[in-house]
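# Observations on the three-dimensional arrangement
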Amino acid sequence: MTPFVYAQTITNLKIEGNRKIETSAILEKISSKSGQKLDTEAVRQDIQDLFEMGYFDDVRAEKDGTTLIFTVKEKPSISSIEFDGNDEIDDSDLKEKLGIKPFELLNYGKIQNAISEIQKAYEEKGYLLARVDYELKPDKDAQQSEKLIFKIFEN
């Protein structure tokens, strides 16, 4: 792959690394098109726009001849949600409060919100010192998936 050295006409666009996100959805977000001159600022904006979709951990652009290649690394999905250490509140009651479901893409903001909701549920039951943390474990049965485990210390 060669760096972007000079303005050259793009003859082909390729997307690599995507498994769950459709190529057409990615191409729709990219302003660089076949037949256009290669513009480093446009490519930089394309990378930013792809990140803003919220589906990717990494996005890179390279040129191979006159082909512009965007390589993406998708965020893992959540294969399952488990609870560890909860004796006073049932799993089903906690799952209702999460705002996260299996097969969603991993979103750390949602995990933090879920932790707050679990802590509120414990506070409402009088467990003011309850703490909640989480752990992610790769799911051996599902590629690019993580098991989300909420660790609860009821105190």
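Right above here is the structure, for reference.
For clarity, every value in this text was computed on a predicted model and none was experimentally measured.

### Here's the deal with the sheet that holds strand β3 (residues 67–74)
The three strands lie next to each other as β1-β3-β2, forming an open sheet whose pairing is mixed. At either end of the open sheet lies a strand with only one pairing partner, and these are β1 (12–16) and β2 (56–64). Direction aside, the axes of adjacent strands within the sheet are offset by 15° on average. Bridge count between β1 and β3: five bridges; the pairing is parallel. Each residue of the ladder has a partner; that of K14, found in β3, is I69. Packed on one face of the sheet, helix α2 (residues 40–52) meets β2 and β3 and runs near 155° to β2.

### Re the nonpolar core
Ranked by internal contacts, the top residues of the largest apolar core, which has 19 residues, are I81, F83, L98, I100, I118 and F150. Elements with a minimum of two residues in this core: β4 (77–84), α3 (91–98), α4 (108–124) and β6 (145–153). Among the elements that take part in this core, α4 stands out by supplying six residues, more than any other. Other than its neighbours up to four places away in sequence, F83 contacts D91, L94, K95, L98, I118, F150 and I152.

### Observations concerning the environment of V132
With respect to the element layout, V132 can be found in strand β5 (residues 131–138). A C-alpha to C-alpha distance of 9.8 Å links V132 and Q112, two positions 20 residues apart in sequence.

### Digging into empty space enclosed by the protein
On inspection of all chains with the given rule, the structure shows one cavity of 30 Å³ or more. Lining the largest cavity are Q8, T9, I10, L38, K63, G65, T66, T67 and L68. Along the lines of polarity and charge, the residues of the lining of the largest cavity split into three nonpolar, five polar and one charged.

### As for the pattern of salt bridges
According to the stated counting rule, one finds seven salt bridges in the structure shown. The shortest N-O distance in the salt bridge between K151 and D84 comes to 3.3 Å. Of the two residues, K151 sits in strand β6 while D84 sits in strand β4, which places them 67 residues apart along the sequence. A salt bridge links E117 to K120, with the nearest nitrogen and oxygen atoms 3.4 Å apart. Pair noted here: E117 and K120 are both in helix α4, with a separation of three residues, about one helical turn. Among the charged side chains, a salt-bridge network with shared partners connects D84, E135 and K151.

### A few points about the packing of aromatic side chains
The geometry of an aromatic ring pair comes down to the distance between the two centres and the angle between the two planes. Overall, the coordinates contain three aromatic pairs when judged by the stated rule. Ring centres of F83 and F150 lie 5.8 Å apart, and the angle between their planes is 20°; this geometry places the pair in the stacked category. With F83 in strand β4 and F150 in strand β6, this pair connects stretches of sequence that are 67 residues apart. Residue F83 shares its accessibility class with F150, and that shared class is buried. Between Y122 and Y127, the ring centres sit 6.0 Å apart and the planes meet at 90°, which makes this aromatic pair edge-to-face.

### Observations regarding the sheet that holds β4
Ordered in space as β4-β6-β5, the three strands form an open sheet in which the pairing is mixed. Each end of this open sheet is capped by a strand with a single partner; those strands are β4 and β5. Strand-to-strand twist in this sheet, taken as the mean axis angle between neighbours without regard to direction, amounts to 20°. Relative to β6, β5 runs antiparallel, the two being bridged by eight bridges. Within the sheet, the bridge partner assigned to P138 lies in β6 and is E146. Strands β4 and β6 of the sheet are contacted by α3, whose axis makes an angle of about 135° with β4. Along the sheet face, α4 touches β4, β5 and β6 and points at about 140° away from the line of β5.

Rules behind the numbers
Residues numbered from 1 in each chain as written. Predicted model: local features only at pLDDT ≥ 70, side-chain atom pairs only at ≥ 80, totals over all residues. Heavy atoms only, no water. Pairing = 2+ DSSP bridges. Helix = DSSP H or I, 4+ residues; strand = E, 2+ residues; numbered from the N terminus. Axes fitted to C-alpha atoms, helices over the stretch in contact; angles between N-to-C directions. Contact = heavy atoms within 4.5 Å. Core = buried A, V, L, I, M, F, W, Y, C linked by side-chain atoms within 4.5 Å. Buried < 20%, exposed > 50% of the residue type's maximum accessible area, 1.4 Å probe, protein only. 1 Å grid on protein atoms, 1.4 Å probe; cavity = no way out; pocket = protein on both sides within 12 Å on 5 of 7 lines; lining within 4 Å. Points joined across faces, edges and corners; volume = space filled by probe spheres on them. Nonpolar A, V, L, I, M, F, W, Y, C, P; charged D, E, K, R; others polar. Salt bridge = Lys/Arg side-chain N within 4 Å of Asp/Glu carboxyl O. Phe/Tyr/Trp six-rings, centres within 6.5 Å; stacked < 30°, edge-to-face > 60°.

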